[in-house]
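If you want the building blocks of each chain, they are given just below.
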Amino acid sequence: QVQLVESGGGLVQAGGSLRLSCVASGRSFSTYAMGWFRQAPGKEREFVAAISRSGGITYYADSVKGRFTISRDNAKNTVYLKMNSLKPEDTAVYYCAATQRATYYTGSYAAFGSWGQGTQVTVSS
């Protein structure tokens with residue numbers, strides 16, 4: 001399994017932007033599809049975005065489509081989540097996840113086998 005470490009979370013006002021980063025250990029990063037999930041207090045962990053191994057295909061939850069952008073740099077073993085036009089309802093712990101399964105595009109929590117520790121994003125109104 002790959003080890004994942006997220007960073008870039010913080011406190012931002014509504015309408016602001018943040019960029020999350022997730023660095024993966026190991027030399028096989030390009031063989032993993034990557035995803036971002038989030039979990040707000042008292043709620044289930046939910047899918048945010050996913051990206052294919054090459055970065056050529058991306059998927060988004062309807063709630064973030066048009067505001068968030070997932071990307072990756074395989075040379076740096078890093079996946080990013082750029083978040084624009086943030087809303088208070090985007091407040092959550094954001095988790096990076098990795099999988100070698102072809103079902104990553106479903107956004108299913110069960111499709112991902114490796115997880116980071118999470119980074120807190122708080123959006124104030």
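Shown above is the structure to which this text applies.
This next bit is on unusual backbone geometry. In the Ramachandran plot, N77 falls in the positive-phi region, its phi being about 55 degrees despite a non-glycine side chain. Relative to the elements of secondary structure, N77 occurs in the loop between β7 (68-73) and β8 (78-83). Of note in this structure, S85 is not a glycine but carries a positive phi near 50 degrees. Mapped onto the elements of the fold, S85 is located in the loop between β8 and β9 (92-99). Here S85 falls in the partly exposed class, since its relative accessible area comes to 41%.

Right, let's get into the packing of aromatic side chains. The description of two aromatic rings rests on the distance between their centres and on the angle between their planes. Counted according to the given criterion, the structure contains 9 aromatic pairs. With 6.0 Å between their ring centres and 40 degrees between their planes, Y59 and Y105 make a pair best called tilted. You can see Y59 sitting in strand β6 (residues 58-60) and its partner Y105 sitting in the loop between β9 and β10 (114-115), a full 46 residues away along the chain. You can call Y59 partly exposed: its relative accessible area is 28%. With relative accessibility at 45%, the residue Y105 sits in the partly exposed group. Three or more aromatic residues joined by ring pairs make a cluster, and in this case those are F37, F47, Y109, F112 and W115. Residue placement shows R45 over the ring face of Y95; its charged tip is 3.7 Å from the ring centre. Its guanidinium or amino end placed over the ring of W115, R45 lies 5.0 Å from that ring's centre, counting from NZ or CZ.

Thresholds, definitions, all that
Residues numbered from 1 in each chain as written. Predicted model: local features only at pLDDT ≥ 70, side-chain atom pairs only at ≥ 80, totals over all residues. Heavy atoms only, no water. Helix = DSSP H or I, 4+ residues; strand = E, 2+ residues; numbered from the N terminus. Buried < 20%, exposed > 50% of the residue type's maximum accessible area, 1.4 Å probe, protein only. Phe/Tyr/Trp six-rings, centres within 6.5 Å; stacked < 30°, edge-to-face > 60°. Lys NZ or Arg CZ within 6 Å of the ring centre and 35° of its normal.

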